[in-house]
Amino acid sequence: DSHQKIWGTDDYTDQERPTVFFGLYGLPDFMAFRQHKGEKHILWAGTDIIHLENGYWVDEVGEQRIDPKPFCEYLNKYTNWCENKVEAEALMKLGIYANIQPSYLGDIEEMEVSFKPGNKVYASVSGDNFEQYGWDKIFRLADDNPDIEFHMYGNINAYSGIHPYNFILHGRVPKEQMNAEIKEMQGGLRMTEFDGFSEIIAKSI
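Structure report, in brief. Please read these numbers as outputs of a predicted model, since none were measured by experiment.

1. Digging into the environment of His163
Secondary-structure assignment places His163 in the loop between β6 (149–153) and β7 (167–171). Taking relative accessible area as the criterion, His163 reaches 28% and is therefore assigned partly exposed. For His163 and Arg140, which are 23 residues apart along the polypeptide, the C-alpha to C-alpha distance reads 9.8 Å. Not counting chain neighbours up to four residues away, the residues in contact with His163 comprise Phe139 and Leu169.

2. Let's talk about the sheet that holds β7
Reading across the sheet, the four strands line up as β7-β6-β5-β8 and stay open at both edges, with parallel pairing between neighbours. The open sheet has two edge strands, β7 and β8 (187–188), and neither has a second partner. Here two bridges tie strand β5 (residues 120–124) to β8, and the two strands are oriented parallel to one another. From the neighbouring strand, Tyr122 faces β8, where its bridge partner is Gly188. Along the sheet, helix α7 (residues 175–182) contacts β5, β6 and β7; its crossing angle with β6, the most-contacted strand, is approximately 165°.

3. Notes on a negative patch on the surface
A surface patch of negative charge is lined by Asp107, Glu109, Glu110 and Glu112. Along the chain, Glu109 falls in the loop between β4 (98–100) and β5.

4. Brief notes about a nonpolar patch on the surface
A cluster of nonpolar residues, Ile6, Trp7 and Phe22, forms a patch on the protein surface that exposes about 260 Å² of accessible area. Residue placement: Phe22 occurs in strand β1 (residues 19–22). Among the residues examined, Phe22 registers a relative accessible area of 39% and is labelled partly exposed.

5. Digging into the sheet that holds strand β2 (residues 40–43)
The strand order β1-β2-β3-β4 describes an open sheet built from four strands, whose pairing is parallel. Of all strands in the sheet, those with a lone pairing partner are β1 and β4, marking the two edges. Direction aside, neighbouring strands of the sheet carry axes that sit 30° apart on average. Sheet strands in contact with helix α2 (residues 27–35) are β1 and β2, and its direction is about 150° off that of β2. Its contacts with the sheet place helix α5 (residues 85–93) against β3 (79–82) and β4, and it is angled at close to 170° to β4.

6. Topic: the nonpolar core
One finds Leu24, Phe33, Trp44, Leu52, Leu75, Leu91 and Ile96 to be the most contacted residues of the largest nonpolar core, which totals 20 residues. When residues of this core are traced back to their parent elements, those giving at least two are α2, α3 (47–54), α4 (69–75) and α5. The element contributing the most residues to this core is α4, with four residues. In contact with Ile96, not counting residues within four places along its chain, are Trp44, Leu52, Cys72, Leu75, Asn76, Asn80 and Leu91. Counting 13 residues, the second-largest nonpolar core is a separate cluster that includes Val121, Phe130, Ile138 and Tyr159.

Quick notes on the rules
- Residues numbered from 1 in each chain as written.
- Predicted model: local features only at pLDDT ≥ 70, side-chain atom pairs only at ≥ 80, totals over all residues.
- Heavy atoms only, no water.
- Helix = DSSP H or I, 4+ residues; strand = E, 2+ residues; numbered from the N terminus.
- Buried < 20%, exposed > 50% of the residue type's maximum accessible area, 1.4 Å probe, protein only.
- Contact = heavy atoms within 4.5 Å.
- Pairing = 2+ DSSP bridges.
- Axes fitted to C-alpha atoms, helices over the stretch in contact; angles between N-to-C directions.
- Patch = residues over 30% accessible without salt bridge, like charges linked within 9 Å, V, L, I, M, F, W, Y side chains within 5 Å.
- Areas by Shrake-Rupley, 256 points an atom, 1.4 Å probe, with all protein chains shown as cover.
- Salt bridge = Lys/Arg side-chain N within 4 Å of Asp/Glu carboxyl O.
- Lys, Arg positive; Asp, Glu negative; His and termini not counted.
- Charge placed at Lys NZ, Arg CZ, Asp CG, Glu CD.
- Core = buried A, V, L, I, M, F, W, Y, C linked by side-chain atoms within 4.5 Å.

Have a look at this one:
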């Protein structure tokens, strides 16, 4: 669900109020953080760490980037949080100390263990970014493992290609429907090269 409902937060409207910035993905996010006048903290989301490591873009296509070192020195002055050890180690290499605290945008008490033996796994995509979420890899896995069903969620636009019969597209569905369906599955696939403690992983535990 939303952070407003689960964590009791509200929309960002006041530069004086205590604020947690969830993800600093680029220069506009950093500037919003820097300009905030009240108490401020950072909860790193995963991919945003890679963006910082590679240097924030100046132009529109990433050919001009800014050295991340002074950004990291500035950000380390504040309280940083991340969701797992992998993220913490990546931030430490950049000179940023981060506390580890997993987060979950849902009611963990409702997610009871429901494992049953079977042959179904699932994966999702955000913003139709199929390459980042490794759908091409999952496509090949499906082709090589015809006895396993690969259920794909989250896409708005069509995923191109002739699909194996066991590569099943569900598209974007209500969270209640996805939660009910994945309870009958045996695993979650997360094929990004670097990521935070994803909802898909949290729900599959």
